Amino acid sequence: MTLLIKRSLVEQAVDQLRTRITSGIWSIGQRLPTEPELAHELGISRNTVREAMRVLAFSGLVEIRQGDGSYLRTAQDPLQAVQAMARCTSEQARETRRILETEAIGLAAQRRTEADIHRLRQALQNTAAHFHGDIKTYVECDLVFHQQLVDAAHNPALSELYRYFSGVVAAALEHNMATTPRCQTVFDLHGQIVDAIEQCDPERAKHLSRTLIES
């Protein structure tokens, strides 16, 4: 019974915080009140506030920065979009990835900076170090690399969409690596994509991206 009461209090706190967010009390990018301040304002415990903020962070509304506080990321609750992504089939996920990631990589080949190339090379080196190791660790490193590919397009909307979509990508990668042998030739496509981006060749970058996604 105690657990049910606690869960109900957290849900109520989440609802109250969501109402404040959608009503425009806080602006995007603003640092939110501290846990003690919110606890006093809502008349609940700090632990309940902490759990509620974790729910909001998971749904993408809030960003929790360790040692700095919590910040409002968006006033539009992306939870439904995230849930829809979680329910999509493997083919639907592949289609979405082809549209989102491949087009972003084409833009990256046109807009990349030297700093982007440096970050991509470092991320690729880190991913390569785990290619033959633990699947989960490799996938985590690979997602960082793919996120940086999209970030190199310098379109914040694309970057944010890919962050929400990355959970679907991770699940697909883990499944593929657990069921099929690891292929060095397929992994080498990652480096070829970076080469194409560095050479400012969007068509080749997009072709290589499609090849990687279909592999």
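This text follows the structure it describes.
Worth saying up front: this structure is predicted, and the values here are computed from it rather than measured.

Thresholds, definitions, all that
- Residues numbered from 1 in each chain as written.
- Predicted model: local features only at pLDDT ≥ 70, side-chain atom pairs only at ≥ 80, totals over all residues.
- Heavy atoms only, no water.
- Helix = DSSP H or I, 4+ residues; strand = E, 2+ residues; numbered from the N terminus.
- Buried < 20%, exposed > 50% of the residue type's maximum accessible area, 1.4 Å probe, protein only.
- Pairing = 2+ DSSP bridges.
- Expected span 1.5 Å × (residues − 1).

Chemist: Would you mind going over the overall build of the protein chain with me for this structure?
Modeler: Each helix and strand counted, the protein chain has 10 helices and 2 strands in total. Start at the N end of the protein chain and walk to the C end: the helices and strands fall as α-α-α-β-β-α-α-α-α-α-α-α. Considered along the principal axes of its C-alpha atoms, the protein chain spans approximately 60 × 35 × 30 Å. Each of the 215 residues in the protein chain was classed as buried or not, and the buried ones make up 38%.

Chemist: Can you walk me through the pairing of strand β2 (residues 69-72) in this structure?
Modeler: Summarising the sheet, strand β1 (residues 62-65) and β2 pair through 4 bridges and their orientation is antiparallel. Directly across from R65, in β2, lies its bridge partner G69. Count of turn residues in the β1/β2 antiparallel hairpin: 3 residues, of which G67 carries a positive phi of about 80°.

Chemist: Looking at this model, I keep getting lost on unusual backbone geometry. Mind explaining?
Modeler: Negative phi is the rule for most residues except glycine; trans is the rule for most peptide bonds. A positive phi angle is found at H154, which is not glycine, with a value near 55°. Among the secondary structure elements, H154 is positioned in the loop between α7 (135-151) and α8 (156-179). Within the chain, C200 stands out as a residue other than glycine whose phi angle is a positive 55°. With respect to the secondary-structure elements, C200 resides in the loop between α9 (184-198) and α10 (202-214). A relative accessible area of 44% places C200 in the partly exposed class.

Chemist: Is there a simple way to think about α9 in this case?
Modeler: Two residues of an α-helix separated by three or four positions point the same way, owing to the 3.6 residues in each turn. Between its terminal C-alpha atoms α9 stretches 22 Å, which fits the 21 Å expected from 15 residues at 1.5 Å a residue. For α9, every residue scored as buried is listed here: F187, L189, H190, G191, I193, V194, A196 and I197. Downstream of α9 by a residue or two, C200 has a phi angle that is positive, lying close to 55°.

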